[in-house]
Amino acid sequence: MIAIGDIRFWAAAGIVLLYGGFSDPTPDQPGIVEAVIGAGLLTLVGVWRGVLLVSGVGALLVRQEPAVIVRNLAFMYLMIVPTLVALTRQVSLVDLVRDLIPMLYLFLPVLVGERLLRYRSEQRMRLLIAACTAAGIVLAIRHLAVTAGDLTLLGSAFASEHSLYLSTDSFVHFAAAFLLMHAIRMASFLRPGRLLLAVALFAAGLFCLAVLGLKGHRGPVALTVIVCAIYVVMAPGSALPGRARLIFVSALLASAVLVFFGDVVAGLWQLFLAKHEAVGLSNRDAEFLEIVSVVFRHWPHAFFGLGFGSVYASPAAASTVNFAHWIGGYILLKAGIIGALFLAVYLASFTGQAFRALRTNTVAALAIAGPMLIGLTISGTYRFLSFGILLTVLY
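Being a predicted model, the structure only gives us computed values, none of them experimental.

Colleague: Can you help me understand a nonpolar patch on the surface in this one?
Modeller: On the surface, a cluster of nonpolar side chains totalling about 620 Å² of accessible area is made up of Phe 296, Trp 299, Phe 303, Phe 304, Ile 337 and Leu 341. Put simply, the parts of the chain that give the nonpolar patch at least two residues each are helix H13 (299-304) and helix H14 (327-348). For Phe 296, the position within the fold is in the loop between helix H12 (284-295) and H13.

Okay, here's the thing in structure tokens:
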């Protein structure tokens, strides 16, 4: 008989693969695929559990760790208050839902994490991580197919803009870092069978990294290189191969990249420098200041925000939008100072799990760190399903 834990983890992996293969991080018109994904997530959560969590009763019914109670209360507040504010401002239902769904993604660890945690095992976590990695590769391939991207342009020009955000997705960034670090680890054992696998993983990781570079994503590319360096220098654990072999193999792989793709690396570096000089922070700072000016015009908005569905004129997007590139600005707009404090406490509650994951599954934890840092600072990827899934892996 198939265990219920296997069913739940296979269902979660299926949702991830369906998302990576057929969905879009920000679909303008959600269709059948998004409906199936939503139904799958709702099944994993359970309707009754969702009601208890939103009402706040779920935080008090049973004895739980303080961190879990804090997360549940933060979820309750950030579901109820911005929704009530939106209703008082007579925001359209469509605009309200378009903000509500990303917030649900952000709180997937609360909604789904507890139900998966009780069935967690090393094998099942490997399944979920493998699904996230595969989804990242597929999203990168889909990006090239949809945009008619040409990797031969890498290092000489950035790809043209496209309305889809396939290459921006957190899974692509995660896959690049995870595959490269896992390849380094496999190659460090210096066994023929593992060396062949390491070459395949390294090539897949470089492919994802190349797609990020072709799109001009400076942060994800830089952080991928940084976390790989941190892994080589600081990776703990007696199960790892000798530190000298790890450094040697890493240096060998890096040298091979420079020998075969040195011109590409140099060209990409120059393009990144030129982009930084031209756009700097891409008006992210001006965007936040605009949100502050909008929110602090009236004291109720300062404390409680303008609610879900609220919009403003973003200097970064050069249009009127309902999101912000920094999560702090987004939550300040939607839920005000009080909501921002709840979100800060919610995110801080994962600190213990993050450090524990660094000890128990260093490669996955470091690979997740990059997308988390990008999504919480300079990118709107915190609104994507992939961000919530990766945060759930840390749960």
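Next, the rest of the story.
Colleague: How should I be thinking about the pattern of salt bridges in this particular structure?
Modeller: Opposite charge on two side chains permits pairing when their charged atoms draw close. Counted according to the given criterion, the structure contains three salt bridges. A salt bridge links Asp 6 to Arg 124; the nearest nitrogen and oxygen atoms lie 2.8 Å apart. One end of the pair, Asp 6, is in helix H1 (residues 4-22); the other, Arg 124, is in helix H7 (residues 122-147), with 118 residues separating them in the sequence. Between Arg 126 and Glu 122 there is a salt bridge, and its shortest N-O distance comes to 2.7 Å. Taken together, the residues Arg 126 and Glu 122, both in helix H7 and four residues apart, mark about one turn of the helix. Overall, the relative accessible area of 56% leaves Arg 126 in the exposed class.

Colleague: Looking at this structure, I do not really get the packing of H7 against helix H8 (residues 170-187). What am I missing?
Modeller: Any two packed helices are characterised by the angle at which their axes cross and by the distance between the axes. Close contact between H7 and H8 brings their axes to 7 Å; oriented N to C, the two are set at 115°. Between H7 and H8, the crossing angle belongs to the class labelled roughly perpendicular. Crossing of H7 against H8: the hand is left-handed. Between H7, through Ile 129, Cys 132, Thr 133, Ala 135, Gly 136, Ile 137, Leu 139 and Ala 140, and H8, the contact on the second element is made entirely by Phe 171, Val 172, Phe 174, Ala 175, Phe 178 and Leu 179. The residue makeup of the contact of H7 with H8, split by class, is twelve nonpolar, two polar and no charged.

Colleague: Just to check I follow, could you spell out the state of the cysteines for this structure?
Modeller: Among covalent bonds in proteins, the disulfide is the one between the sulfur atoms of two cysteines. Enumeration according to the criterion identifies zero disulfides in this entry. With no disulfide of its own, Cys 228 lies 12 Å from the sulfur of Cys 208, the closest cysteine sulfur.

Colleague: Even after reading the chapter, I still don't get the confidence of the model for the protein chain, so can you show me in this structure?
Modeller: Residues shown with low pLDDT carry predicted positions that ought not to be read at fine detail. Averaged over the protein chain, the pLDDT score is 89; the fraction of residues at 70 or greater is 92%. The secondary-structure element of the protein chain with the lowest mean pLDDT is helix H3 (residues 47-55), recorded at 62, while H14 shows the highest, at 97.

Colleague: In this structure, what is going on with helix H11 (residues 243-279)? I would like to understand it.
Modeller: Residue pairs spaced three or four apart in an α-helix point in one direction, given the helix's 3.6 residues per turn. With 37 residues, H11 should reach 54 Å at 1.5 Å per residue; the first-to-last C-alpha distance of 40 Å falls well below that figure. Residues of H11 that are buried: Leu 246, Val 249, Ser 250, Val 257, Gly 267, Leu 268, Leu 271 and Phe 272. Buried-residue contacts for H11 involve H8, helix H9 (192-214) and helix H10 (218-234). At the C-terminal side of H11, Gly 280 shows a positive phi close to 60°.

Colleague: Quick question: what am I supposed to make of the nonpolar core here?
Modeller: In summary, soluble globular proteins display a tendency toward joint burial of nonpolar side chains. Ranked by size, the top nonpolar core spans 112 residues in total, and within it Phe 107, Phe 171, Met 181 and Leu 385 carry the most contacts. Looking at which element gives the most residues to this core, the answer is H8, with 14 residues.

Colleague: Before we go on, may I ask you to explain the environment of Ala 286 in this structure?
Modeller: Here Ala 286 is to be found in helix H12. Spatially, the C-alpha atoms of Ala 286 and Leu 268 are 27 Å apart, while their sequence positions differ by 18 residues.

Colleague: Can you walk me through the environment of Gly 309 in this structure?
Modeller: Mapped onto the secondary structure, Gly 309 falls in the loop between H13 and strand E1 (312-314). By relative accessible area, which is 9% here, Gly 309 ends up buried. In sequence terms Gly 309 and Ala 324 are 15 residues apart; their C-alpha atoms lie 13 Å from each other. Apart from residues lying up to four places away in sequence, Gly 309 is in contact with Val 91, Asp 95, Leu 96, Asp 99 and Lys 334.

How each quantity is defined
- Residues numbered from 1 in each chain as written.
- Predicted model: local features only at pLDDT ≥ 70, side-chain atom pairs only at ≥ 80, totals over all residues.
- Heavy atoms only, no water.
- Patch = residues over 30% accessible without salt bridge, like charges linked within 9 Å, V, L, I, M, F, W, Y side chains within 5 Å.
- Areas by Shrake-Rupley, 256 points an atom, 1.4 Å probe, with all protein chains shown as cover.
- Salt bridge = Lys/Arg side-chain N within 4 Å of Asp/Glu carboxyl O.
- Helix = DSSP H or I, 4+ residues; strand = E, 2+ residues; numbered from the N terminus.
- Buried < 20%, exposed > 50% of the residue type's maximum accessible area, 1.4 Å probe, protein only.
- Axes fitted to C-alpha atoms, helices over the stretch in contact; angles between N-to-C directions.
- Parallel < 35°, antiparallel > 145°, perpendicular 65-115°, else oblique.
- Left-handed = near helix turned anticlockwise from the far one by under 90°.
- Contact = heavy atoms within 4.5 Å.
- Nonpolar A, V, L, I, M, F, W, Y, C, P; charged D, E, K, R; others polar.
- Disulfide = S-S within 2.5 Å.
- pLDDT = per-residue confidence, 0-100.
- Expected span 1.5 Å × (residues − 1).
- Core = buried A, V, L, I, M, F, W, Y, C linked by side-chain atoms within 4.5 Å.

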